[in-house]
Amino acid sequence: MGQKKDLTGSEKSKIVRYLAEGCSSLKIAKLLKRDHRTIKRFIQNSQQGRKKRVEKPRRKITAHELRKVKRAAAKMPLATSLAIFQSCNITGVPKSTRCAILRDMAKVRKAERRPPLNKTHKLKRQDWAKKYLKTDFSKVLWTDEMRVSLDGPDGWARGWIGKGQRAPVPLRRQQGGGGVLVWAGIIKDELVGPFQVEDGVKLNSQSYCQFLEDTFFKQWYRKKSASFKKNMIFMQDNAPSHASKYSTAWLARKGIKEEKLMTWPPCSPDLNPIENLWSIIKCEIYKEGKRYTSLNSVWEAVVAAARNVDGEQIKTLTESMDGRLLSVLAKKGGYIGR
């Protein structure tokens, strides 16, 4: 039992189940016929894989190319270092080198804030992780809403801006220009939706349930087999329209109740894999500082971006849940990032 290749996804899932059953790391190593040290490293860091250092030849940047990069940074505010260099047809430059070059001529916006977690939040996150350790997450439908605006993502946009330049000011529109509220779900390797909430509709308990009836239930859920419906677990966060007595009772009448409706800890977007899907879609629709002139055009961009997300990407997100649960427990309920 020497140290060999990294643990497979199937082996990682088995480790999680064995841990939930109370098995020691030594016993798990014997059951899987893997080195004990490999099992211990995975438990300590659920998403660890051995990093293989690959030496790559350093790409030299000429003075002419530096001038091209500076012009591109000025023309593409908030773009990534990769996008800037690609626009100059400069390839083979590692990220560390790109960023080192751009630091001499540009700066980066601050990252988003993390959800605030107090002691109660952390305890509830740990309880949630322990409760669902044995869950088959391929049966869970992860859902959430996302708002997209005409002028770019709200609050989390960041990218390179040339020194001496100001960040672009969003276009002033009558009544703020508005945005589109989008609902979607992911399960195993499948994307459900996206579905658009009608403009002007405020999601309260009644309108949320009616929205689910017109979209999720009529267009997707009713086409599924009885065995699929029996095993599916529905996940939603604790937004007031989701967690109200009215919505809970309405979902129960649809057969989504008790163990089929996942409980959710507070302040935990980092535990929901669909948040990563929203990031993928937003990066695509707002790349290179793209802005939109109408709600219809931004909705069409969302649909196009969603269609480009393949099943393997979605499967990677849903299969990350075992690792997320172990990370929550390892950090005693703390924030794990996304």
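Residues numbered from 1 in each chain as written. Predicted model: local features only at pLDDT ≥ 70, side-chain atom pairs only at ≥ 80, totals over all residues. Heavy atoms only, no water.

1. Details of helix H7 (residues 119–131)
So, step 1. Along its 13 residues, H7 runs 19 Å from first to last C-alpha, staying within 8% of the 18 Å computed at 1.5 Å per residue.
So, step 2. When we look at burial in H7, the residues that qualify are His121, Arg125, Gln126, Trp128 and Ala129. In a view along the axis of H7, the buried residues occupy a sector of 160 degrees, so they form one face of it. Residues of H7 that are exposed and point more than 90 degrees away from the buried face comprise Lys119 and Lys130.
So, step 3. In the core, the buried residues of H7 are packed alongside helix H15 (321–330). (Helix = DSSP H or I, 4+ residues; strand = E, 2+ residues; numbered from the N terminus. Expected span 1.5 Å × (residues − 1). Buried < 20%, exposed > 50% of the residue type's maximum accessible area, 1.4 Å probe, protein only. Arc of directions from axis to C-beta. Contact = heavy atoms within 4.5 Å.)

2. Points about the sheet that holds strand E5 (residues 190–196)
So, step 1. Taken in spatial order, the four strands make up an open sheet running E5-E4-E2-E6, and their pairing is mixed. Of all the strands in the sheet, just E5 and strand E6 (233–235) have a single pairing partner and so form its edges. Strand-to-strand, the axes of this sheet are offset by a mean angle of 20 degrees, without reference to chain direction.
So, step 2. Those strands touched by helix H14 (residues 311–318) are strand E2 (140–149), strand E4 (179–187) and E5, and its axis lies near 75 degrees from that of E4. (Pairing = 2+ DSSP bridges. Axes fitted to C-alpha atoms, helices over the stretch in contact; angles between N-to-C directions.)

3. Remarks on a negative patch on the surface
So, step 1. A cluster of like negative charges, contributed by Asp189, Asp310, Glu312 and Glu319, occupies part of the molecular surface.
So, step 2. Considering the arrangement of structural elements, one finds aspartate 310 in the loop between helix H13 (295–307) and H14.
So, step 3. Take aspartate 310: its relative accessible area is 40%, and that puts it in the partly exposed class. (Patch = residues over 30% accessible without salt bridge, like charges linked within 9 Å, V, L, I, M, F, W, Y side chains within 5 Å. Areas by Shrake-Rupley, 256 points an atom, 1.4 Å probe, with all protein chains shown as cover. Salt bridge = Lys/Arg side-chain N within 4 Å of Asp/Glu carboxyl O. Lys, Arg positive; Asp, Glu negative; His and termini not counted. Charge placed at Lys NZ, Arg CZ, Asp CG, Glu CD.)

4. Brief notes about the nonpolar core
So, step 1. The biggest cluster of nonpolar side chains holds 50 residues, and the ones touching the most others in it are Trp128, Trp142, Val148, Met262, Ile281 and Ile285.
So, step 2. Looking at which element gives the most residues to this core, the answer is H13, with seven residues.
So, step 3. Mapped onto the domain boundaries, this core takes at least three residues apiece from domain 1 (9–44) and domain 3 (119–154 + 177–331).
So, step 4. Setting aside chain neighbours within four positions, we find isoleucine 281 in contact with Met146, Val302, Ala305 and Ala306. (Core = buried A, V, L, I, M, F, W, Y, C linked by side-chain atoms within 4.5 Å. Domains from an automatic or database assignment.)

5. Regarding the layout of surface pockets
Rolled over the atoms, a probe with the dimensions of a water molecule shows which regions are left empty.
So, step 1. As a volume, the second largest pocket reaches approximately 630 Å³.
So, step 2. Mapped by element, the contributors of at least two residues to the lining of the second largest pocket are helix H1 (9–20), H14 and H15.
So, step 3. The greatest single-element share of the lining of the second largest pocket, amounting to seven residues, is contributed by H1.
So, step 4. A per-class count over the lining of the second largest pocket returns four nonpolar, 11 polar and nine charged. (1 Å grid on protein atoms, 1.4 Å probe; cavity = no way out; pocket = protein on both sides within 12 Å on 5 of 7 lines; lining within 4 Å. Points joined across faces, edges and corners; volume = space filled by probe spheres on them. Nonpolar A, V, L, I, M, F, W, Y, C, P; charged D, E, K, R; others polar.)

6. Let's talk about unusual backbone geometry
So, step 1. Residue proline 194 is bonded to the preceding glycine 193 through a cis peptide linkage, with omega at 5 degrees.
So, step 2. Relative to the helices and strands, proline 194 is located in strand E5.
So, step 3. Although it is not a glycine, asparagine 89 adopts a positive phi angle of roughly 60 degrees.
So, step 4. Asparagine 89 sits in the exposed class, given a relative accessible area of 66%.
So, step 5. Even without glycine at this site, lysine 188 takes up a positive phi of about 55 degrees.
So, step 6. By the secondary structure assignment, lysine 188 is in the loop between E4 and E5.

7. Observations concerning the packing of aromatic side chains
So, step 1. Enumeration over the complete set of coordinates arrives at 15 aromatic pairs.
So, step 2. Measuring from centroid to centroid gives 4.8 Å for phenylalanine 216 and phenylalanine 217, while their planes differ by 70 degrees, and the two rings are edge-to-face.
So, step 3. Judged by its relative accessible area of 0%, phenylalanine 216 falls in the buried class.
So, step 4. Given the relative accessible area of 6%, phenylalanine 217 is considered buried.
So, step 5. Measuring from centroid to centroid gives 5.7 Å for tryptophan 220 and phenylalanine 228, while their planes differ by 75 degrees, and the two rings are edge-to-face.
So, step 6. Residue class for phenylalanine 228 comes out partly exposed when judged on its relative accessible area of 24%.
So, step 7. The side chain of lysine 254 reaches across the aromatic face of phenylalanine 217, ending 5.1 Å from its centre.
So, step 8. Against the face of tyrosine 292 rests lysine 290, its NZ or CZ located 5.4 Å from the ring centre. (Phe/Tyr/Trp six-rings, centres within 6.5 Å; stacked < 30°, edge-to-face > 60°. Lys NZ or Arg CZ within 6 Å of the ring centre and 35° of its normal.)

8. Considering the side chain of histidine 242
So, step 1. With respect to the helices and strands, histidine 242 occurs in helix H10 (residues 240–243).
So, step 2. On the basis of relative accessibility, which here comes to 2%, the residue histidine 242 falls in the buried class.
So, step 3. Once you skip the residues sitting within four places of it in the chain, histidine 242 turns out to touch Glu145, Tyr208, Gln236, Asp237, Ser247 and Thr248.

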